[in-house]
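Structural overview for review
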Amino acid sequence: MTLPNIQAHRANLNNYGSGSYLTSDVTVLLDIVDKDAVADVPVSQKEALIQSGQRHYSDMLTLEQAPTAMHEQLYSQALAQGGERAATDIARLAHTLHDVFQHNVSDEHPLVLVSLVRAGLPIGVLLQRALSDTDSSYHLPSKHYGISIIRDRGLDPVALQILLDAYPSSPIVFVDGWTGKGAIYKELARSLETFSDTAHPSFANIFHQGADVIPLLTLADPAGVAWLAASEEDWLIPSGLLNSTVSGLISRSLYTEPQSGLHRSVFYEDLIEADHSLAFIDHVDAVRHSLTTPPECLPTYQQPRYQTAALIDTLAADYDITNRNRIKPTIAEATRAILRRDPERILLATAEHPDTILLRHLCAQRGITIDVLGDKILPYQAITLIKQRAKDS
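Please read all numbers here as calculations on a predicted model, not as lab measurements. (Residues numbered from 1 in each chain as written. Predicted model: local features only at pLDDT ≥ 70, side-chain atom pairs only at ≥ 80, totals over all residues. Heavy atoms only, no water.)

**So, the overall build of the protein chain**
The following threshold applies: Note on conventions: DSSP H or I runs of at least 4 residues are helices, E runs of at least 2 residues are strands, and numbering of each starts at the N terminus. Put simply, the radius of gyration uses C-alpha atoms, and a globule should come to 2.2 Å times the residue count raised to 0.38. Relative accessible area decides the class of each residue, using a 1.4 Å probe on protein chains only: under 20% of the type maximum gives buried, over 50% gives exposed, and in between gives partly exposed. Residue contacts are counted whenever heavy atoms from the two residues lie within 4.5 Å of one another. In this count, Lys and Arg are taken as positive residues and Asp and Glu as negative ones, while His and the chain termini are left out. Every charge is mapped onto a representative atom, which is NZ of Lys, CZ of Arg, CG of Asp or CD of Glu.
Counting its secondary structure elements, the protein chain contains 11 helices and 13 strands. Relative to a compact globule of 393 residues, whose C-alpha radius of gyration would be 21 Å, the protein chain shows 20 Å and is just as compact. Taking all 393 residues of the protein chain together, the buried fraction comes to 57%. Residue pairs in contact within the protein chain that sit at least 24 positions apart in sequence constitute 78% of those at least 6 positions apart. Averaging the positions of the 31 positive and the 47 negative side-chain charges in the protein chain gives two centres separated by 7 Å.

In structure tokens form, the structure reads like this:
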């Protein structure tokens, strides 16, 4: 792939920002643009444009507002309830990375963590903190970057090439927060096809676990597609309840043609007072330091299992949905879809599950129908179905 503008972006990785994270936590390879330069499209209008095919979702933003007091309260409850689990999972992931890579990386050739913006950022920062902990048994030389991936348009090739040029002898692991249907996994796999030839100079950077293994790591993997995940459960990951205010104040990424540079993003400077990004990291990291049980190694998988594919097919048939992008499974995706999209109904496994309090509150607030389907939607606890605004294609 020819990337004519890459020289302008390659100069110095230290020139890039880290959102509201520490510079030691992450370098985010995005072009930050002023929010005044971005069209603020209302949710209902955006939904109509997306579903009619007039605009791609990555060409527009609905600018974020500060979370409500109720939203903040539920986030705080989720952090209190799930902080120890998140810390334990991060320790287990770090321990497993150490076990896999300890003989293949060094200070000169560190492991490169590449978080997928945005949901991957908090998880990647926590992993970078854990791997950088010289007092832990899983200390490992690593560097952490955030780059954009967009459904239907792929991983930002300019950002990836910058990292391959900067770390020609380092293995890369991609980090996301969770999997829903496995759509981002498929997008990542498509984007990496160009490197899958064993003769490609960057083959070993990416396919270090095998010729067909996409090295995707997630905190939760209900879809069963990740190479490494802490669990396959759909649970209330605290960082999944908020958007930019737990992701370094960075907006969802906006697409840019490769010849024009990096994908773009907005930095929400106006939300600084509502920002939990560093506080979330510091809290979970402190809990990790207090853990007394030694972490165990997690299993890794050579191939995706797609264990929920049949369930998604059944839901699509039951609700007459031909465009699977309208199905948003997992608590995190279901919540984000209510906040950012135009939902038709919410499907829950359990009527009173504590992990879906915010979802149920938002549904009551907006008059959104809830269907309780029990075991039928497991392992997902919640699924949002987006309202059809135009004929599916």
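**Let's talk about the environment of glycine 374**
Within the secondary structure, glycine 374 is located in the loop between β12 (369-372) and β13 (382-386). A C-alpha to C-alpha distance of 5.8 Å links glycine 374 and threonine 350, two positions 24 residues apart in sequence. Look past the residues within four positions of glycine 374 in its chain and what remains in contact with it is Leu348 and Ala349.

**Observations regarding helix α10 (residues 331-340)**
Among the 10 residues of α10, seven are classified as buried, and the element is accordingly described as predominantly covered. For α10, the complete set of buried residues consists of Ile331, Ala332, Ala334, Thr335, Arg336, Ala337 and Ile338. Considering only its buried residues, α10 is in contact with β6 (172-178), β10 (327-329), β11 (343-348), α11 (357-366) and β13.

**Topic: the packing of α10 against α11**
Formally: Lines fitted to the C-alpha atoms define the axes, with helices restricted to the stretch that makes contact. Angles between their N-to-C directions range from 0 to 180 degrees. Orientation is classified from the angle alone, with under 35 degrees giving roughly parallel, over 145 giving roughly antiparallel, 65 to 115 giving roughly perpendicular, and any other angle giving oblique. Whether a crossing is left-handed or right-handed is set by the direction in which the near helix is turned from the far one by less than a right angle, anticlockwise for left-handed and clockwise for right-handed. Any residue outside Ala, Val, Leu, Ile, Met, Phe, Trp, Tyr, Cys, Pro, Asp, Glu, Lys and Arg is labelled polar, Gly included; the first ten of those are nonpolar and the last four are charged.
Relative orientation of the contacting elements α10 and α11 amounts to 25°, with a least axis distance of 10 Å. As summarised for this structure, α10 and α11 are arranged roughly parallel, according to the angle between their axes. Two packed elements cross with a definite hand, and for α10 against α11 that hand is left-handed. Facing Ile331, Ala334, Thr335, Ile338 and Leu339 of α10, the residues of α11 in contact are Leu358, Leu359, Leu362, Cys363 and Arg366. The class makeup of the residues in the contact of α10 with α11 is eight nonpolar, one polar and one charged.

**A few points about the sheet that holds β12**
Selection criterion: We treat two strands as partners when DSSP finds at least two bridges between them.
Pairing in this open sheet of four strands is mixed, and the strands run β10-β13-β11-β12 from one edge to the other. A strand with exactly one partner marks an edge of an open sheet, and here the two such strands are β10 and β12. Across this sheet, the average inter-strand angle for adjacent strands is 20°, counted without regard to direction. Relative to β12, β11 runs parallel, the two sharing four bridges.

**Some points on the packing of helix α3 (residues 69-101) against helix α8 (residues 277-290)**
Between α3 and α8, whose axes approach to 8 Å, the crossing angle comes to 50°. Our classification of the angle between α3 and α8 gives oblique. The hand of the α3/α8 crossing is right-handed. Seen from α3, the contacting residues are Tyr75, Leu79, Gly83, Glu84, Ala86, Ala87, Ile90 and Ala91; seen from α8, they are Phe280, His283, Val284, Val287 and Arg288. Split into classes, the residues belonging to the contact of α3 with α8 amount to nine nonpolar, two polar and two charged.

**Overview of the side chain of serine 277**
Convention followed: Here a polar contact is recorded for every N or O atom pair within 3.5 Å, except that within protein the pair must consist of a potential hydrogen donor and a potential acceptor, and residues adjacent in sequence are included only if both atoms are side-chain atoms.
Along the chain, serine 277 falls in helix α8. What makes serine 277 buried here is its relative accessible area of 1%. A polar side-chain atom of serine 277 sits 2.7 Å from a polar atom in the side chain of aspartate 275.

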